[in-house]
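The chain contents come next:
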Amino acid sequence: MIKYQSIYRKWRPQFFEDIVGQKHITQTLKNAIKLNRISHAYLFSGPRGVGKTTTARILAKALNCQKGPTEYPCNQCAQCIRINQGQSMDVLEIDGASNRGIDEIRELRSKIGFAPAEGKYKIYIIDEVHMLTNEAFNALLKTLEEPPSQVLFIFATTAPQKVPKTILSRCQCFYFRRLSREEMVDKLTKIATEEKLNIDLTSLQLIAESATGSMRDAESILDQVVTYSEKQVTSEVVREILGLIPQEIFWQLLKAIIIGDTKTGLEIINQLVKEGVDFHKFVQDLIVYTHHVSLLKILGKDNSAAIFYRSGEEPEKLSELSNSTNIKTILDIIEELKLVEEKIRYYYYPWVLLELMVVKLTQSKEQSYQKESKIVNELVSDIQKTSLVEQSIGIGEIREDHLSKNSKNSKNKVLSRNKEPKQDQFEQLWSKVLARVKKERISLYTFLMASNSVLIEDDQLMVGFPPDCLFHKESLEKRVNRDIVEAILKDEANCEIKLKCFIVEDKTKKDEDFKSGKKKDKIEDNKVIIQLGAEQENQISNKGESNLSSKNILEKALDLFGGTIFEEKKE
Ligand SMILES: [Zn+2]
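Along each chain, numbering runs from 1 in the same order as the chain's sequence is written. In keeping with the model being predicted, local features are shown solely for residues with a pLDDT of at least 70 and side-chain atom pairs are shown and tallied solely at 80 or more, while totals for entire chains, interfaces and linings include all residues. To get the side-chain values, all heavy atoms of the structure are used, and hydrogens and water are removed first.

K.L.:
Provide a residue-level description of the packing of aromatic side chains, including the pertinent values.
P.N.:
Centres within 6.5 Å are what make two rings of Phe, Tyr or Trp a pair, Trp counting through its six-membered ring; a difference in plane orientation under 30 degrees is then read as stacked, over 60 as edge-to-face, and the rest as tilted. Counting across every chain of the model gives 12 aromatic pairs. An aromatic cluster is present here, built from Phe-250, Phe-279, Phe-282, Tyr-289, Tyr-348, Tyr-349 and Trp-351 joined pairwise through their rings. Directly above the ring of Trp-251 sits Lys-317, whose terminal nitrogen or CZ lies 3.8 Å from the centroid. By the criterion adopted, a ring carries a charge over it if an Arg CZ or a Lys NZ lies within 6 Å of its centre and within 35 degrees of its normal.

Here it is, written out as structure tokens:
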């Protein structure tokens, strides 16, 4: 029966040349051996799994090999074999984490004076040396101050800053660096080829990426995926084992944002919430994904081989996204994602930021001329027929070309034909309130910004939310939050105003109602609330004559038709 040997053990480097990514160290050590300038103590520091103890063992073999000292230990003599098996009397590997006390070091010191049993050197490899106690370090220091000529210490640590300076100053220090993804993919490819593993390049790239610079981790993961999938290893399997979010999700979300599909975007995020995804990591990965789409856009498919090689993504999928939009849109999305990424880890409900971003980006897309031009044409004729609307918004002449500019529209304002003078006051009040809420409690501000209509009625501030934003509504309604908003309202308005939140009915139903004529009647008797876009603050601060330009009005009318029409309750 063949005993199973893990890939990590089987492929553990046996020569300095086999160690990946640390040539600056292995070359120096080889030169020291060649020139017979071996130090009494070395400190190998660096992240886990990058070759510190492996290098220490190769150095031990190089010095104690029966053909040594040599840069190329034979790996065949009794000394080499015993060192490889961890059974050499002269090479002692000590785990600093479990032998950290003074007694262990005293014992080590008591034996240190004896000559090596069979090799030329007595070599102590102390792993995780930073774990030793202060007393143990002090005892060790005495040995390092007067080292016996045949003794060599090799300390390995992931935390060199925890090693006392007195020790460091007596060691030759080497810093082992994290491996690059390319270095790891190369080594994994070599292993996969020689082991005849059924695994594709994309899978190896994913493994390398997930191991974040640790070759040992990469080899363990490779072991795991090969054991898991008996036949061909696919990238889907690797993602599943690694708990990575499938590329398809990034693709779907980005697609939804690009085409302005708010509903799908929010559904995807909702699903991720259910799956307990780490949103900080998700946003970071989404930035990288979107960045690849932008590179594809800029470089073109033929020049982008390097991206695909690095990213392990499917080029056709990326191309499809890249072809469906322009570079400005992609860069805008990346900018928004970066803003979300900066803040998201401080949020108790991190997905809210992502949701708001999706709403913002998809809503602005919905307003873009290209997508809406057909609807606009229909609307223009409708509006011209509807004298009511013209009156209520105070304009008779509406021209299509006013819509050709990309609109920065706003939401949350009330346009009431019965209350025109009050409207102005309300806008002022609302912009002040928003500014103060933003300053005092940014989370409340984001909740308010998720609303799609705001109205002051008697002594109540009515804030409407779309059905998707139930969470925002409920958060805002919490006593502690409501108190803050009401206090600010009272302060700014000089009277008691209560906050009232509600969910706005389904938009499509309203459209149907409108088409069937129900809503027209209601408009006639009552005042109209118009849904406006996310840039409300700008809009409010720039209000005045320009606000009444036919462009704005037509936008508002557009929103009116596509959006929400309210009827004021009569007491
Ligand atoms: Zn040997």
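K.L.:
So what's going on with the pairing of strand S4 (residues 151-157)? Which residues, and what values?
P.N.:
Remark: a regular strand shows side chains that alternate across the two faces of the sheet. Exposure is judged per residue with a 1.4 Å probe applied to protein chains only, and the accessible area is read against the type maximum: over 50% gives exposed, under 20% gives buried, and values in between give partly exposed. Each helix corresponds to a stretch of at least 4 residues labelled H or I by DSSP, and each strand to a stretch of at least 2 residues labelled E; elements are numbered beginning at the N terminus. The buried count for S4 comes to seven of seven residues, which makes it a mostly enclosed element. A two-sided burial pattern is seen for S4, the buried positions comprising Val-151, Phe-153, Phe-155 and Thr-157 on one face and Leu-152, Ile-154 and Ala-156 on the other. Here the rule is simple: two strands pair whenever DSSP picks up at least two bridges between them. Strand direction decides the pairing type here: strand S3 (residues 122-127) and S4, joined by five bridges, are parallel. Counterpart to Ile-125 in the pairing with S4 is Ile-154. Note on handedness: a crossover is taken as right-handed if, strands pointing away from the viewer, the path from the first strand over the helix to the second is clockwise. Between the parallel pair S3 and S4, the chain is carried across by helix H6 (residues 134-145), and the sense of this crossover is right-handed.

K.L.:
So what's going on with the pattern of salt bridges? Which residues, and what values?
P.N.:
By definition here, a salt bridge exists when the distance from a side-chain nitrogen of Lys or Arg to a carboxyl oxygen of Asp or Glu is within 4 Å. If you walk through the whole model with that rule in mind, you get 25 salt bridges. We note a salt bridge from Glu-320 to Lys-255, for which the minimum N-O separation is 3.7 Å. Remark: Lys-255 occurs in helix H12 (residues 247-259) and Glu-320 occurs in helix H16 (residues 315-323); sequence separation between them is 65 residues. Judged by its relative accessible area of 38%, Glu-320 falls in the partly exposed class. Taken together, the shared-partner salt bridges in this structure form one network comprising Arg-436, Asp-491 and Glu-492.

K.L.:
Go over unusual backbone geometry, please, and point to the residues and values.
P.N.:
A cis geometry characterises the amide bond from Gly-68 onward to Pro-69, with omega recorded as -5°. Mapped onto the fold, Pro-69 is located in the loop between helix H3 (52-64) and helix H4 (78-85). With phi around 60°, Asn-75 is a residue other than glycine that occupies positive phi space. When you line up the elements, Asn-75 lands in the loop between H3 and H4. We classify Asn-75 as buried; its relative accessible area is 15%. Residues other than glycine seldom take positive phi values, yet Lys-196 does so here, at roughly 55°. Lys-196 gets classed as exposed once you look at its relative accessible area, which sits at 72%.

K.L.:
Describe the sheet that holds strand S8 (residues 498-503), listing the residues and the values that go with them.
P.N.:
The three strands lie next to each other as S6-S7-S8, forming an open sheet whose pairing is mixed. One side of each edge strand has no neighbouring strand; the edge strands of this open sheet are strand S6 (453-457) and S8. For this sheet, the mean angle separating the axes of adjacent strands, direction not counted, is 20°. Note that S6 and strand S7 (residues 460-465) share five bridges and pair antiparallel. Bridging from a neighbouring strand, Val-454 pairs with Val-463 of S7. Here, axes are lines fitted to C-alpha atoms. For helices the fit covers the stretch in contact, and angles between N-to-C directions go from 0 to 180 degrees.

K.L.:
Please set out H6 residue by residue, giving values where relevant.
P.N.:
An expected span of 1.5 Å times one less than the residue number is assigned to each helix. Under the 1.5 Å per step criterion, the end-to-end length of H6 is 16 Å for 12 residues, consistent within 8% with the ideal 16 Å. Listed as buried for H6 are Ala-136, Phe-137, Ala-139, Leu-140, Leu-141, Thr-143 and Leu-144. For this analysis, residues touch if any pair of their heavy atoms sits within 4.5 Å. Tucked inside the fold, the buried residues of H6 contact strand S1 (41-45), helix H5 (102-112), S4 and helix H7 (165-168).

Note that every value here comes from positions in space, so none of it alone points to a role or purpose.
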